[in-house]
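Chain residues, written in single-letter form:
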There are 2 protein chains.
Amino acid sequence: MSARQTSESNSTDPFEFELFYWPFLQGRGEFIRLAFEATGTRYRDVCRMPESDGGGLAALRAVLSPSLPAGPFAPPVLRHKQINLFQTAAILDYIGPLLGLGGNSPAETRRCLQIQLCILDTVAEIHNLHHPISTALYYEEQKVEALRATHSFVNTRIWKWMDYYALILEQNNGPFLVGDRTGYPDLSLFQLLAGLEYALPRTYAIIAQKYPRLMALRSAVGEIEGIQSYLSSERRLPFNQDGLFRFYAELDLEPEQSIA
Amino acid sequence: MSARQTSESNSTDPFEFELFYWPFLQGRGEFIRLAFEATGTRYRDVCRMPESDGGGLAALRAVLSPSLPAGPFAPPVLRHKQINLFQTAAILDYIGPLLGLGGNSPAETRRCLQIQLCILDTVAEIHNLHHPISTALYYEEQKVEALRATHSFVNTRIWKWMDYYALILEQNNGPFLVGDRTGYPDLSLFQLLAGLEYALPRTYAIIAQKYPRLMALRSAVGEIEGIQSYLSSERRLPFNQDGLFRFYAELDLEPEQSIA
């Protein structure tokens, strides 16, 4: 399976697309990076460049400045043709068609957005596991609540979500979620599965056993040429304790047996 | 200010649009209802009809059935021309242009989606206040955590969000968030403010003092003819303890003085 596309993006300006995101974590920026990497689209990951070259946190602060008209609430921000776009799903809805990752028809394009919003809802729930009380407090200030939230999640919600994604794949006769080619939701679901393996390995072990269709999607995306070279490059940041998906041994709970 | 538009929706089939949502609460379905009501667009609020007429929870269960190809994960669901759409922001992105609520240009249409996603993020944070640990548990099972979450929210996050919406209005020289006419994000921000007044009246009192631009938006939307008649009709469900915005006296905390 190859998602490498010929697209407008490989035109005169090699950095037509500029991504602004936290330079030290995957986070929500990773869903955007994967779209560029899967299609071999050149983009500038601005904040990972040195500050002396216009990158770093200074670049992020500049793009988030409240004095910027129509500025974003939070990163990721994508700059394309002098326009700043924000909100991960809106960015993907915009670049999907440009990169050939947004379905083959208006109906498929809309469907990509709907499924992406589900994936981002799942991701938000996973973020809440280590920050159930507030993003304004450290994990260490909400550990007791985090344990309780995770216990509930690995025994209830996670299975609703995984059942749902597996059902979509089954109905579409996989390995794609929408239509007959790779779309950006496939890349995002790949990232979600990778994140779950990192953050909740005991839960992931059951997912891997129980959902062959999810595993088939993960393999198919992992075999895309652009993704393969990305994952083995230095451009791919490792998962860490600052991102959405965090490994805390005390939260790696074993789901109750009735699930498996 | 009038948002009543001539649109395709007032054509031969008076119920071209069918909304499927929990019949006893506003919830996320309300953001869709407001778009129809503001524009005088006829729609069928299917699950509020009696089961004997094809409505009720039976209709909701049917549209959520996993056997339905390409079905939704959760309500609201909008059926239009035999297609089921789900995810609130995706539904609004679809109906916005049809109803004249999606901006005057592709750039404005995209901007509506971006701002709507922010509003729905704010709404999700507010939902988490009474369900910080899990949506699979009752509020009564997470009251201690809810109090802690709310304390943090009314002293930190809420002001980031309100500052942001006020800034957008200021930059656009209000009362609209995008361009020079009512868009669906205006209706959603109206709903968010109404929900905050219900759920967190002490916090809302400060918002009302501190942000004249937010109050101007709320007034302007409230004066739309379709909204006026909707709010005084039986179609508008009251806020209650099953929705997104809930009033629990113990959570109605006074923000710390430094905020005001």
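## Some words on the overall build of chain A
Here is step 1: In terms of helices and strands, chain A carries 10 helices and 4 strands.
Here is step 2: Its helices and strands taken in sequence order, chain A reads β-α-β-α-β-β-α-α-α-α-α-α-α-α from the N to the C terminus.
Here is step 3: Here the C-alpha atoms of chain A give a radius of gyration of 18 Å, agreeing with the 18 Å that 2.2 N^0.38 yields for 260 residues.
Here is step 4: The dimensions of chain A, computed from C-alpha atoms along their principal axes, are 55 × 45 × 30 Å.
Here is step 5: Out of the 260 residues in chain A, the part that is buried amounts to 58%.
Here is step 6: In chain A, the share of contacts with a sequence separation of at least 24, taken over all contacts with a separation of at least 6, comes to 72%.
Here is step 7: When the accessible surface of chain A is summed, it comes to about 10,500 Å², and 52% of that surface belongs to carbon and sulfur atoms.
Here is step 8: Of note, chain A has its 23 positive side-chain charges centred 2 Å away from the centre of its 29 negative side-chain charges.

## Brief notes about the packing of aromatic side chains
Here is step 1: By the definition in use, this model includes 24 aromatic pairs over all chains.
Here is step 2: Seen in terms of ring centroids, A:Phe86 and B:Tyr164 are 6.5 Å apart; in terms of plane orientation they differ by 85°. Their pairing is edge-to-face. In this pair, A:Phe86 is assigned in strand β4 (residues 83–86) and B:Tyr164 in helix α6 (residues 157–171), connecting two distinct chains.
Here is step 3: Plain terms: the ring middles of A:Phe239 and A:Phe245 are 6.0 Å apart, the flat faces sit at 85° to each other, and that makes the pair edge-to-face.
Here is step 4: Three or more aromatic residues joined by ring pairs form one cluster here, namely A:Phe73, A:Phe86, B:Trp161, B:Tyr164 and B:Tyr165.

## Focus on the sheet that holds strand β3 (residues 77–80) of chain A
Paired through their backbone hydrogen bonds, the strands of a sheet run either parallel or antiparallel.
Residue and element names in this part refer to chain A.
Here is step 1: The strand order across the open sheet built from 4 strands is β2-β1-β3-β4, with neighbouring strands paired in mixed fashion. Every other strand in the sheet has two partners, leaving β2 (43–45) and β4 as the edge strands with one partner each. Strand after strand, the sheet turns through a mean of 25° between neighbouring axes, direction not considered.
Here is step 2: As paired strands, strand β1 (residues 17–20) and β3 are joined by 4 bridges and run antiparallel to one another.

## Structural notes on the interface of chain B and chain A
Here is step 1: Listed as interface residues are 44 residues of chain B and, on the opposing side, 44 residues of chain A.
Here is step 2: The largest contributions to the chain B side of the interface with chain A come from B:Phe73, B:Gln114 and B:Arg148, which together make up 19% of the buried area.
Here is step 3: Run the count over chain B and chain A and you get 2 salt bridges.
Here is step 4: At the surface where chain B touches chain A, the tally comes to 18 residue pairs in polar contact (both at pLDDT 80 or more).
Here is step 5: Considering every element that reaches the side of chain B that touches chain A, the biggest residue donor is helix α4 (residues 106–130) of chain B, with 8 residues.
Here is step 6: Considering only residue class, the side of chain B that touches chain A consists of 23 nonpolar, 12 polar and 9 charged.

## Looking at the nonpolar core
Here is step 1: If you look at the biggest cluster of nonpolar residues, it comprises 157 residues, and the most contacted ones within it are A:Ile95, A:Met162, A:Leu214, B:Ile95, B:Met162 and B:Leu214.
Here is step 2: Excluding its chain neighbours within four sequence positions, the residues that come into contact with A:Leu214 are A:Met162, A:Tyr165, A:Ala166, A:Leu169, A:Leu189, A:Leu193 and A:Ile207.

## Structural notes on the packing of helix α4 (residues 106–130) of chain A against helix α3 (residues 88–99) of chain B
Here is step 1: Direction vectors running N to C along α4(A) and α3(B) enclose 155°, while the axes themselves pass 8 Å from each other. The angle between the axes of α4(A) and α3(B) places the two elements in the roughly antiparallel class. Seen from α4(A), the contacting residues are A:Arg110, A:Leu113, A:Gln114 and A:Leu117; seen from α3(B), they are B:Ala89, B:Ala90, B:Asp93 and B:Tyr94.
Here is step 2: Across the contact of α4(A) with α3(B), the residue classes tally to 5 nonpolar, 1 polar and 2 charged.

## Quick word on the confidence of the model for chain A
All names here are of chain A.
Here is step 1: This prediction gives chain A a mean pLDDT of 93; 93% of its residues lie at or above 70.
Here is step 2: Segment residues 1–12 is flagged for pLDDT under 50; beyond a separation of four residues in sequence, or across chains, it makes 35 contacts in the model.
Here is step 3: Two numbers describe this predicted complex: its pTM, 0.94, and its ipTM, 0.94.

## Some words on the relation of the copies chain B and chain A
Here is step 1: Placing chain B over chain A gives an RMSD of 0.0 Å and needs a rotation angle of 180°, together with 0.0 Å of translation along the axis. Taken together, the rotation and translation describe the operation of a two-fold axis. The position closest to the rotation axis in chain B is occupied by the C-alpha of B:Pro132, lying 2.7 Å away.
Here is step 2: When the interface residues of chain B are mapped onto chain A, 100% of them again lie at the interface, so the same face is used by both copies.

## Notes on the pairing of β1(A)
All names here are of chain A.
Here is step 1: Side-chain alternation along β1 places Phe17 and Leu19 on one buried face and Glu18 and Phe20 on a second face that is also buried.
Here is step 2: For β1 and β2, the ladder comprises 3 bridges, and the chain directions are parallel. Across the sheet, the residue bridging to leucine 19 is aspartate 45, located in β2.

## Describing the domain arrangement of chain A
Residues and elements named next belong to chain A.
Here is step 1: Taken domain by domain, chain A comprises domain 1 (8–99) and domain 2 (106–251).
Here is step 2: The centre of domain 1, based on its C-alpha atoms, is set 22 Å off from the matching centre of domain 2.
Here is step 3: Counting residues at the interface gives 21 residues for domain 1 and 26 residues for domain 2.
Here is step 4: Interface of domain 1 and domain 2: buried area, both sides summed, is about 2,100 Å²; carbon and sulfur atoms make up 65% of it.
Here is step 5: Counting the surface domain 1 buries against domain 2, the share from its top three residues, Gln26, Phe31 and Leu34, is 29%.
Here is step 6: If you look at where domain 1 meets domain 2, you find 2 salt bridges.
Here is step 7: With a shortest N-O distance of 2.8 Å, arginine 235 and glutamate 37 are connected by a salt bridge.
Here is step 8: If you look at where domain 1 meets domain 2, you find 8 residue pairs in polar contact (both at pLDDT 80 or more).
Here is step 9: Secondary structure elements with two or more residues in the side of domain 1 that touches domain 2: α1 (29–38) and α3 (88–99).
Here is step 10: Per-element tally for the side of domain 1 that touches domain 2: the top contributor is α1, with 7 residues.

The rules behind each value
Residues numbered from 1 in each chain as written. Chains lettered and ligands numbered in written order. Predicted model: local features only at pLDDT ≥ 70, side-chain atom pairs only at ≥ 80, totals over all residues. Heavy atoms only, no water. Helix = DSSP H or I, 4+ residues; strand = E, 2+ residues; numbered from the N terminus. Rg over C-alpha atoms; globule rule 2.2 N^0.38 Å. Buried < 20%, exposed > 50% of the residue type's maximum accessible area, 1.4 Å probe, protein only. Contact = heavy atoms within 4.5 Å. Areas by Shrake-Rupley, 256 points an atom, 1.4 Å probe, with all protein chains shown as cover. Lys, Arg positive; Asp, Glu negative; His and termini not counted. Charge placed at Lys NZ, Arg CZ, Asp CG, Glu CD. Phe/Tyr/Trp six-rings, centres within 6.5 Å; stacked < 30°, edge-to-face > 60°. Pairing = 2+ DSSP bridges. Axes fitted to C-alpha atoms, helices over the stretch in contact; angles between N-to-C directions. Buried area = accessible area lost by both parts, 1.4 Å probe. Salt bridge = Lys/Arg side-chain N within 4 Å of Asp/Glu carboxyl O. Polar contact = N/O pair within 3.5 Å; in protein donor to acceptor, adjacent residues only side chain to side chain. Nonpolar A, V, L, I, M, F, W, Y, C, P; charged D, E, K, R; others polar. Core = buried A, V, L, I, M, F, W, Y, C linked by side-chain atoms within 4.5 Å. Parallel < 35°, antiparallel > 145°, perpendicular 65-115°, else oblique. pLDDT = per-residue confidence, 0-100. Least-squares fit on C-alpha atoms with pLDDT ≥ 70 in both. Domains from an automatic or database assignment.

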